[in-house]
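Examining the three-dimensional arrangement
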Amino acid sequence: MKKLKCTDPSSCAFCLSCEVACSEAFYKTFDPALSCIHITTKDGKTPKVNVCVQCGKCARTCPNGAITQNAKGVYMINKKLCTGCGACVEACPFGVIARKDVESVPSKCIACGICAKACPMGILEVVEQ
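Description of the structure in this document.

Procedures and definitions
- Residues numbered from 1 in each chain as written.
- Predicted model: local features only at pLDDT ≥ 70, side-chain atom pairs only at ≥ 80, totals over all residues.
- Heavy atoms only, no water.
- 1 Å grid on protein atoms, 1.4 Å probe; cavity = no way out; pocket = protein on both sides within 12 Å on 5 of 7 lines; lining within 4 Å.
- Points joined across faces, edges and corners; volume = space filled by probe spheres on them.
- Helix = DSSP H or I, 4+ residues; strand = E, 2+ residues; numbered from the N terminus.
- Buried < 20%, exposed > 50% of the residue type's maximum accessible area, 1.4 Å probe, protein only.
- Contact = heavy atoms within 4.5 Å.
- Core = buried A, V, L, I, M, F, W, Y, C linked by side-chain atoms within 4.5 Å.
- Pairing = 2+ DSSP bridges.
- Polar contact = N/O pair within 3.5 Å; in protein donor to acceptor, adjacent residues only side chain to side chain.

Details of the layout of surface pockets
Sizing a probe to match a water molecule and rolling it over the atoms shows the empty space that remains. Of the volumes computed, that of the largest pocket is approximately 300 Å³. Contributing to the lining of the largest pocket are 19 residues, with Phe-26, Ser-107, Lys-108, Cys-109 and Ile-110 lying nearest its centre. Elements supplying a minimum of two residues to the lining of the largest pocket: helix 1 (17-27), strand 5 (75-77) and helix 4 (114-118). Of the residues forming the lining of the largest pocket, the biggest block, three residues, is contributed by helix 1.

Encoded structure:
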């Protein structure tokens, strides 16, 4: 199974380069809400890296069968089948399915590695598990 992994969350510099790279790659603008990776903090100091773990909850929730798992284990959204209902956005336990507005087709991590290449700390990588 191919997925994005954070190798050392404690080394995250909270620079948001990964969020910038993701939202710019897929939406041509920097908007943290449009990124499929989110860096948060509970105490204002320690970063928490939220990434898609390819759990499939979004696919099981989709009423139209628009999310399926490819041969590499990555869950993909079929834009032709998606009605934009948002069930997958609500179901994601990590809050990493992005949606531009309520009518649009959501985006989720496809383990492309764009965020990993943008990370100056080198703590993100796409792995086969």
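A word on helix 1
Buried within helix 1 we find Cys-18, Glu-19, Ala-21, Cys-22, Ser-23 and Tyr-27. On its buried face, helix 1 sits against strand 2 (38-41), helix 4 and strand 6 (124-128). One or two residues past the end of helix 1 sits Lys-28, with phi positive at roughly 60°.

As for the nonpolar core
Leu-4, Ile-37, Val-49, Ile-67 and Leu-124 are the most contacted members of the largest nonpolar core, which totals 30 residues. For this core, the elements supplying multiple residues, two or more each, are strand 1 (2-6), helix 1, helix 2 (57-61), strand 5 and helix 4. When near neighbours in sequence (up to four residues on either side) are disregarded, Val-49 contacts Cys-6, Cys-12, Ile-37, His-38, Ile-39 and Leu-124.

Section: the pairing of strand 2
Inspection of the sheet shows strand 2 paired to strand 3 (residues 47-50) by four bridges, in the antiparallel sense. Paired with His-38 across the strands is Asn-50, a residue of strand 3. Hairpin connection of strand 2 to strand 3: five residues between the antiparallel strands, including Gly-44 at a positive phi of 85°.

Some remarks on the side chain of Ser-23
By the secondary structure assignment, Ser-23 is in helix 1. Ser-23 sits in the buried class, given a relative accessible area of 0%. For Ser-23, the side chain forms a polar contact with the main-chain nitrogen of Asp-31, separated by 3.3 Å. In contact with Ser-23, other than residues within four places in its own chain, are Lys-28, Thr-29, Phe-30, Asp-31, Leu-34 and Ser-35.

Remarks on the environment of Asn-70
In this structure, Asn-70 sits in the loop between strand 4 (67-69) and strand 5. According to the relative accessible area criterion, Asn-70 is partly exposed, its value standing at 34%. It is 9.5 Å that separates the C-alpha atoms of Asn-70 and Met-1, two residues lying 69 residues apart in sequence.

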